Amino acid sequence: MKQYRDRGDPLAGADVVLVGLFSGNEKQYPVLLDELASLVEARGARVVARFVQRRGASDQRRHRPGGASRMSRPYSRRMLLSHGKVREIAEACREAEVTAAVFVNVLTPRQRKVLTELLGCLVFTRDELT
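Scoring rules and cut-offs
- Residues numbered from 1 in each chain as written.
- Predicted model: local features only at pLDDT ≥ 70, side-chain atom pairs only at ≥ 80, totals over all residues.
- Heavy atoms only, no water.
- pLDDT = per-residue confidence, 0-100.
- Helix = DSSP H or I, 4+ residues; strand = E, 2+ residues; numbered from the N terminus.
- Axes fitted to C-alpha atoms, helices over the stretch in contact; angles between N-to-C directions.
- Parallel < 35°, antiparallel > 145°, perpendicular 65-115°, else oblique.
- Contact = heavy atoms within 4.5 Å.
- Expected span 1.5 Å × (residues − 1).
- Salt bridge = Lys/Arg side-chain N within 4 Å of Asp/Glu carboxyl O.
- Buried < 20%, exposed > 50% of the residue type's maximum accessible area, 1.4 Å probe, protein only.
- Pairing = 2+ DSSP bridges.
- Right-handed = clockwise from strand over helix to strand, strands pointing away.
- Core = buried A, V, L, I, M, F, W, Y, C linked by side-chain atoms within 4.5 Å.

## Points about the confidence of the model for the chain
So, step 1. In the predicted model, the chain carries a mean pLDDT of 86, and the fraction of residues at 70 or more is 81%.
So, step 2. Averaged pLDDT values for the elements of the chain fall to 93 in helix 4 (residues 126–129) and rise to 98 in strand 3 (residues 100–103).

## Examining the packing of helix 2 (residues 83–96) against helix 3 (residues 109–119)
So, step 1. Where helix 2 contacts helix 3, the axes come no closer than 9 Å and their chain directions differ by 50 degrees. Considered as vectors, helix 2 and helix 3 are oriented oblique to each other. Taken together, the residues of helix 3 that come into contact with helix 2 (itself represented by Val86, Ile89, Ala90, Cys93 and Arg94) are Leu115, Leu118 and Leu119.

## A short note on helix 1 (residues 29–42)
So, step 1. Taking 1.5 Å per residue as the helical rise, helix 1 with its 14 residues ought to reach 20 Å, and the 20 Å between its terminal C-alpha atoms agrees with that figure.
So, step 2. The secondary structure elements touched by the buried residues of helix 1 are strand 1 (15–23), strand 2 (46–55), strand 3 and helix 4.
So, step 3. Just downstream of helix 1 lies Gly44, where phi reads positive at about 95 degrees.

## A word on the pattern of salt bridges
So, step 1. For the structure on display, the rule yields seven salt bridges.
So, step 2. For Arg126, the salt bridge is made with Glu35, and the minimal N-O distance between the two is 3.7 Å. Taken together, the residues Arg126 in helix 4 and Glu35 in helix 1 connect sequence positions 91 residues apart.
So, step 3. Since its relative accessible area comes to 37%, Glu35 is described here as partly exposed.

## With respect to the pairing of strand 3
So, step 1. Burial along strand 3 is two-sided: the residues Ala100 and Val102 and Ala101 and Phe103 are all buried.
So, step 2. Note that strand 1 and strand 3 share four bridges and pair parallel. From the neighbouring strand, Val16 faces strand 3, where its bridge partner is Ala100.
So, step 3. The β-α-β motif built from strand 3, the intervening helix 3 and the parallel element strand 4 (residues 122–125) has right-handed crossover chirality.

## Topic: the pairing of strand 4
So, step 1. Note: strand 3 against strand 4, four bridges, orientation parallel. The partner of Phe103 across the bridge, within strand 4, is Thr125.

## Digging into the nonpolar core
So, step 1. Val17, Val19, Leu81, Ile89, Phe103, Leu115 and Leu119 are the most contacted members of the largest nonpolar core, which has 20 residues in total.
So, step 2. Looking at this core, the elements with two or more residues in it are strand 1, helix 2, strand 3 and helix 3.
So, step 3. Sorting elements by how many residues they give to this core places helix 2 first, with four residues.
So, step 4. Every residue in contact with Leu119, bar those within four places of it in the chain, is listed here: Val86, Ile89, Ala90, Cys93, Ala101 and Phe103.
So, step 5. Within the second largest apolar cluster, 15 residues are counted, among which are Leu33, Ala37, Ala100 and Val104.

Here is the structure:
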């Protein structure tokens, strides 16, 4: 993990990725990510990437329904997101030497611990920035 430039605020001067799990019905998710980016940048951090995982969106290639009954549940109780999405984010974090990942979603203590280990950076939620 990178060392912080400002010990008082771990986001000051940090390179950050934004992450969100959204329902397939949520049409305003780009606006929610823009709001989160504004909060992060107000703390002195720089957003280097955004990652979105949609839950309940139809799989057009395989002609499968999107699972509307599961839209409010995480993909994984352990990581919130699918394994593939976590691998994608972790690789991007390593390549960009990201200091922190900020999630739109609320995380359980277990999810935060697992994601911190897998992503190799600190993990925050939107609630902690307001």
